[in-house]
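The lines below spell out each chain.
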Amino acid sequence: MKKGCILLGSVFICFFIWSGKKVEYAVSETIPEKLEKVYAINFQSFKNEVEVLVSLADNSMFGNELQLQRQVGKTRLAYKKIEFIFDYYQSAYNGAYINGAPLPKISEYFEGGNVIEPSGLQALDEAVFEEASKEQLKRIKVLAAGLRTHVDYVSKIHFPLQLKPSQIIESIRSGLVRIFTLGITGFDTPGSVNGIQESYVSLRSMKNALMYFEADIQPQAKSKFNTIKKLFEKGESLLSSNTSFNDFDRMVFLKEVINPLYAGLLEFQNLNSIKLEPYRKHAQDYQSKNIFDVNFLSTNFYSELVYLPLDNPKTIDLGKMLFEDAQLSKNNTMSCLSCHNPNLGFTDGLPKSASNKEGFFTARNSPTVINAGYATRYFWDMREFNLEKQVTHVIDDNLEFNTSFDTIIRKLNKNSNYQKLFKTAYGGIVKNDINERSISNAIAAYVNSLKSFNSQFDKYVRNEINEYPESAKRGFNLFMGKGACGSCHFAPIFNGTVPPFYVESESEVLGVIQGFDSINPKLDEDLGRMKNGLKADNYPFFKNSFKTVSIRNIELTGPYMHNGSFLSLEEVLEFYNLGGGAGMGLPVENQTLSSAPLNLSKQEIKDIIAFMESLTDIERFTLSMN
């Protein structure tokens, strides 16, 4: 980007040369106003590329696949110049129609809860690299036309745009998260695998936007600004080094570019006295300084509608007592600990959880409740929407607690200590302190407090320790790159809650089998999310779909998958390596996992496991059991 100024009469007219275009502005214009002009020009460039794509698709003949691939690539690169701002202000529409995952979805914001078919840039990136046919060309034509329609519509409601200085910085910080979690992992480019180049364009565009602040920096912020500028340049250098997708060093990029930039931008904002004025509410805590800080995401975002906020120490302590108390079950035979043992990463070590009847088991494996609060949907089949309501299902289930809240309330009211504790925590809200909501709230508060962000990996990427196994470094790079693990298990929780704003939790169709049998595999019959009892989820594409759970503390939480089919991490990785059920030759409808083999070597599988084992962090939980 080049800058210049000329004097016309008594007014200085300055200009930037950005992306080959001259953008003029008067010196009296504010930083946001200058950026708004450039953004509008770049948005129009994106629209122009969409028009070229539509024209090419309309006139394309069989055999012109390369032209379509190139034009989709150009269109996507034009989009990457505006994405950090566009997605910040229009994230719901963007996720549904402009650059969402190429899968059918149910939207709470558009189409009245109806199915939104795959559309937008990711769907096009995937489509133009699939096997060419006349039918495929027709589909590309439809996708291109749909993209134009949606871009034309959103441009009418998106402009005029009124940026604020803090929102520019916040959109850049979220853009950094997007690059790290969706860009360099390949999530955003399912067909072209062009994530490194696209990330370069995104990073460069964000740097160019930040450079507008250079003309209006307070003295105490100048040094930090110069440091940030150098960090951006280092990131550009790494992303433009002609390193292949599989060989790109994501650990170096995280530690030497992404995390320092994420922290530096907040420091610059504070030093330059830029008031925090977020445009939208989401899970990111903008006061955090590191993507792997314990406070990077706020669980309060996911628990807005609870009885009382879940961060009250009194309710957390009460919830821990209830979590460990067998009085909550019929005949006092089970507690939450029965299936969620802290020494096993809050699981029970069984393929499917034991029930209250000897010799009988529940339908599914017991997942960990550590970091459970970082989600918008709960249970394997996604049937519940908050931690409080999750408690009800366990109490009512005839194979679990098999009782009622009325019975539990009568038991607890006979205990003077519980009466005192409930009065201290919930007194004055309603007449009876011990009630269904307060019991559920206390247990939810305790579960919500089970956060695990102090593993060897976390300490290393936060620069708190210097030693970290080389095998785990290689494994992290494989996990976030060639292995494609990070494109479903999103950092930093490594679960299915989608970055960069973390407002939606995903499920996946993997084609999970019954036991690990790669010779004669048999598809598991559990229908999962499609039959969770929610009308909005009763669609074929949710058949055999299950929640993407966190892999933190995974070395302790086996056996694995919703049915406990895989006894070891080696079996899990080999299942993915073969392409899931479809890759093993099974007729899996709507499998969201690619059926293409990953071609991971035995050593690469060992390295990925070494990384996952470095995410173990349960010391403070096991100590509480002594």
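Computed from a prediction, not measured in an experiment: that's the story for all the values here.

Visitor: Even after reading the chapter, I still don't get the overall build of the chain, so can you show me in this structure?
Guide: In terms of regular secondary structure, the chain is built from 21 helices and seven strands. Relative to the 2.2 N^0.38 estimate, which gives 25 Å for 626 residues, the radius of gyration of the chain is 26 Å and therefore close to what a compact globule would have. Contacts in the chain between residues far apart in sequence, at least 24 positions, make up 65% of those at least 6 positions apart. On the chain, roughly 26,800 Å² of surface is accessible, and the fraction owed to carbon and sulfur atoms is 51%.

Visitor: What am I meant to see in the packing of aromatic side chains here?
Guide: The description of two aromatic rings rests on the distance between their centres and on the angle between their planes. Per the counting criterion, the structure on display carries 42 aromatic pairs. With a centroid separation of 5.4 Å and 40 degrees between ring planes, the pair formed by F457 and F476 is classed as tilted. Here F457, found in helix α16 (residues 456-461), pairs with F476, found in helix α17 (residues 470-480); they are 19 residues apart in sequence, far enough to count as distant. When sorted by exposure, F457 lands in the same class as F476, which is buried.

Visitor: Can you walk me through the side chain of Q136 in this structure?
Guide: Looking at the element boundaries, Q136 is found in helix α6 (residues 134-158). According to the relative accessible area criterion, Q136 is buried, its value standing at 11%. Here the side chain of Q136 touches E130 through a polar contact of 2.8 Å, side chain to side chain. For Q136, the residues in contact, after removing those within four places along its chain, are A127, E130 and E131.

Visitor: Before we go on, may I ask you to explain unusual backbone geometry in this structure?
Guide: Peptide bonds are mostly trans, and most non-glycine residues show a negative phi. Each neighbour pair has its own omega, and for P499 with P500 the value is 5 degrees, a cis peptide bond. Relative to the helices and strands, P500 resides in the loop between α17 and β6 (507-509). Omega for the peptide link from G558 to P559 comes to -5 degrees, which places this bond in the cis form. Following the sequence through the fold, P559 ends up in the loop between β7 (545-547) and α18 (569-577). You will see that N242, though not glycine, has its phi angle at about 65 degrees, which is positive. Considering the arrangement of structural elements, one finds N242 in the loop between α9 (222-239) and α10 (250-271). Judged by its relative accessible area of 77%, N242 is exposed.

Visitor: Explain the pattern of salt bridges here, please?
Guide: Throughout the structure, instances matching the rule amount to 32 salt bridges. Measuring nitrogen to oxygen at the nearest pair gives 2.8 Å for the salt bridge that ties K320 to E324. Judged by relative accessible area, which is 31%, E324 ranks as partly exposed. The salt bridge involving E388 is made with R437; its shortest N-O contact spans 3.1 Å. Taken together, the positions of E388 in helix α12 (residues 387-396) and R437 in helix α15 (residues 436-448) put the pair 49 residues apart, joining distant regions of the chain. Connected via shared salt-bridge partners are R76, K80, E83, D87, D125, R178, D188 and E198.

Visitor: What exactly am I supposed to notice about the packing of α10 against α17 here?
Guide: Packed helices, taken two at a time, are described by the angle their axes make and the gap between the axes. Between α10 and α17, the shortest axis-to-axis distance is 8 Å and the interhelical angle comes to 95 degrees. On the basis of their axis angle, the class for α10 and α17 is roughly perpendicular. Here R250, M251 and L254 of α10 come into contact with α17, specifically with F476, N477 and M480. Here the contact of α10 with α17 is composed, by residue class, of four nonpolar, one polar and one charged.

Visitor: Any chance you could explain the side chain of H340 here in plain terms?
Guide: With respect to the helices and strands, the residue H340 is situated in the loop between α11 (313-323) and α12. On the accessibility criterion, H340 (16% relative accessible area) is buried. Here the side chain of H340 touches F346 through a polar contact of 2.9 Å, landing on its backbone oxygen. Among residues more than four places away in sequence, those in contact with H340 are F323, F346, T347, S366, P367 and V369.

Visitor: Sorry if this is basic, but what is going on with the environment of Y88 here?
Guide: Looking at the element boundaries, Y88 is found in helix α3 (residues 83-89). Counting along the chain gives 79 residues from Y88 to Q167, while the straight-line C-alpha distance between them is 8.6 Å. Ignoring any residue separated from it by four or fewer positions in sequence, one finds Y88 in contact with E83, Q167, E170, S171, P278, Y279, R280, Y286 and F501. At 2.7 Å, the side chain of Y88 forms a polar contact with the side chain of E170.

Visitor: Any chance you could explain the confidence of the model for the chain here in plain terms?
Guide: For the chain, the average pLDDT comes to 93, and 93% of its residues sit at 70 or higher. This model gives residues 7-13 a pLDDT under 50, and the stretch forms 14 contacts once residues within four places in sequence are excluded.

Visitor: I tried to follow the environment of N64 on my own but got confused; where do I start?
Guide: Topologically, N64 is positioned in the loop between α1 (31-58) and α2 (65-80). For N64, a relative accessible area of 26% translates into the label partly exposed. Once the C-alpha coordinates of N64 and L137 are considered, the two residues, 73 residues apart in sequence, prove to be 9.6 Å apart.

Visitor: Even after reading the chapter, I still don't get the packing of helix α7 (residues 165-183) against α10, so can you show me in this structure?
Guide: In the contact formed by α7 and α10, the axes pass within 10 Å of each other and the chain directions differ by 170 degrees. Of the possible angle classes, the one that applies to α7 and α10 is roughly antiparallel. Handedness of the α7/α10 crossing: left-handed. Between α7, through S166, I169, E170, I172, R173, L176, V177, I179 and F180, and α10, the contact on the second element is made entirely by R250, F253, L254, I258, L261, Y262, L265, L266, F268 and Q269. Taken together, the residues of the contact of α7 with α10 sort by class into 14 nonpolar, two polar and three charged.

Visitor: Would you explain the state of the cysteines in this entry?
Guide: Two cysteines form a disulfide when their sulfur atoms are joined by a covalent bond. Applying the stated criterion to the full structure yields zero disulfides. Not part of a disulfide, C336 finds its nearest cysteine sulfur in C339, a span of 8.7 Å. Left unpaired, C488 is separated from the closest cysteine sulfur, that of C485, by 8.8 Å.

Visitor: What should I look at first to understand α7 in this one?
Guide: Between the first and last C-alpha of α7 there are 25 Å, a value that for 19 residues agrees with the 27 Å anticipated at 1.5 Å per step. Counting buried residues along α7, 18 of its 19 residues qualify, which places the element largely inside the surrounding structure.

Rules behind the numbers
- Think of each chain on its own: its residues are numbered from 1, step by step along the sequence as written.
- Local features in this predicted model are restricted to residues of pLDDT 70 or higher, and side-chain atom pairs are both shown and tallied only at a pLDDT of 80 or more, whereas totals for entire chains, interfaces and linings draw on every residue.
- As a rule here, side-chain values come from all non-hydrogen atoms in the structure, and water together with hydrogens is ignored.
- Only DSSP runs of H or I with at least four residues qualify as helices, and only runs of E with at least two residues qualify as strands; both kinds are numbered from the N terminus onward.
- C-alpha atoms define the radius of gyration in this analysis, and the globule rule sets the expected value at 2.2 Å times the number of residues to the power 0.38.
- The contact criterion used throughout is that any non-hydrogen atoms of two residues lie within 4.5 Å.
- Surface accessibility in these figures is a Shrake-Rupley result with a 1.4 Å probe; residues are shielded only by whichever protein chains are displayed.
- Pairing of aromatic rings covers Phe, Tyr and Trp, the last through its six-membered ring, and needs centres within 6.5 Å; plane angles under 30 degrees mean stacked, over 60 mean edge-to-face, and all others mean tilted.
- Burial classes: relative accessible area under 20% of the type maximum marks a residue as buried, over 50% as exposed, and values in between as partly exposed (1.4 Å probe, protein chains only).
- Here a polar contact is recorded for every N or O atom pair within 3.5 Å, except that within protein the pair must consist of a potential hydrogen donor and a potential acceptor, and residues adjacent in sequence are included only if both atoms are side-chain atoms.
- One side-chain nitrogen of Lys or Arg within 4 Å of one carboxyl oxygen of Asp or Glu is enough to make a salt bridge.
- Axes here mean lines fitted to C-alpha atoms, for a helix over just the part in contact, with angles spanning 0 to 180 degrees between N-to-C directions.
- Any angle that is under 35 degrees is reported as roughly parallel, and any over 145 degrees as roughly antiparallel; angles of 65 to 115 degrees are reported as roughly perpendicular and all others as oblique.
- In the scheme used here, Gly and all other residues not listed as nonpolar or charged are polar, with Ala, Val, Leu, Ile, Met, Phe, Trp, Tyr, Cys and Pro taken as nonpolar and Asp, Glu, Lys and Arg as charged.
- For every residue, the predictor assigns a confidence score, pLDDT, that lies between 0 and 100.
- Here is the rule for handedness: rotate from the far helix to the near one, and if that takes an anticlockwise turn smaller than a right angle the crossing is left-handed, while a clockwise turn gives right-handed.
- Pairs of cysteine sulfur atoms within 2.5 Å are identified as disulfides in what follows.
- One less than the residue count of a helix, multiplied by 1.5 Å, gives the span that helix is expected to have.

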